[in-house]
Amino acid sequence: MKTIITTLLVSTSLLFAACGGGAKADETKPIAEVKSEAAEMDAASLEKAVASYQSAIESKQGDVDKLQAKLKEIPVKDMLGDDAKKLKAEIEPLTKSLKDLNERMKIYAAELAKQSK
């Protein structure tokens, strides 16, 4: 019983340690705040932040790719139709989100590169 409790405590501690440090990917966080936060982070936290942003970017890029594949299936003559407009309307905010995530990730990556020198 004591071993089980110890194992649970260690596992929980590791879980919280893995989640802590680094920044959670947030495309709405003001750039000035990202820069300020990045300047105060250590290399390990910066690496976690970059990884978090990369993961969010990959996920959203997958969504964009799926929608673009559907868009490509629409015949050229129907590109001005409702289906194409709907798909384009779904792609647009995802593309903006990708741009915003990339912009913030680059700040963390640049700070990490600066600290690595």
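Residues numbered from 1 in each chain as written. Predicted model: local features only at pLDDT ≥ 70, side-chain atom pairs only at ≥ 80, totals over all residues. Heavy atoms only, no water.

A. Examining the packing of helix H3 (residues 43-73) against helix H4 (residues 82-116) more closely. For the pair H3 and H4, interaxial distance at closest approach is 8 Å and the crossing angle is 160°. Comparing the axis directions of H3 and H4 gives the class roughly antiparallel. As H3 packs across H4, the resulting crossing turns out to be left-handed. Split by residue class, the contact of H3 with H4 holds 20 nonpolar, seven polar and eight charged. (Axes fitted to C-alpha atoms, helices over the stretch in contact; angles between N-to-C directions. Helix = DSSP H or I, 4+ residues; strand = E, 2+ residues; numbered from the N terminus. Parallel < 35°, antiparallel > 145°, perpendicular 65-115°, else oblique. Left-handed = near helix turned anticlockwise from the far one by under 90°. Nonpolar A, V, L, I, M, F, W, Y, C, P; charged D, E, K, R; others polar.)

B. Broad picture of the packing of aromatic side chains. Per the counting criterion, the structure on display carries one aromatic pair. An angle of 40° between the planes, with centres 5.5 Å apart, marks the rings of Tyr53 and Tyr108 as tilted. With Tyr53 in helix H3 and Tyr108 in helix H4, this pair connects stretches of sequence that are 55 residues apart. For Tyr108, a relative accessible area of 0% gives the class buried. (Phe/Tyr/Trp six-rings, centres within 6.5 Å; stacked < 30°, edge-to-face > 60°. Buried < 20%, exposed > 50% of the residue type's maximum accessible area, 1.4 Å probe, protein only.)

C. Representation of the pattern of salt bridges. With the rule as written, the count across this model stands at six salt bridges. In this structure, the salt-bridge partner of Lys77 is Asp78, at a minimum N-O distance of 3.8 Å. Of the residues examined, Lys77 reaches a relative accessible area of 73% and is grouped as exposed. Overall, the relative accessible area of 34% leaves Asp78 in the partly exposed class. In this structure, Lys114 and Glu111 form a salt bridge, with 3.5 Å as the shortest nitrogen-oxygen distance. One end of the pair is Lys114 and the other is Glu111, both in helix H4 and three residues apart, which spans about a single turn. Overall, the relative accessible area of 12% leaves Glu111 in the buried class. (Salt bridge = Lys/Arg side-chain N within 4 Å of Asp/Glu carboxyl O.)

Taken by themselves, the reported measurements are silent on function.
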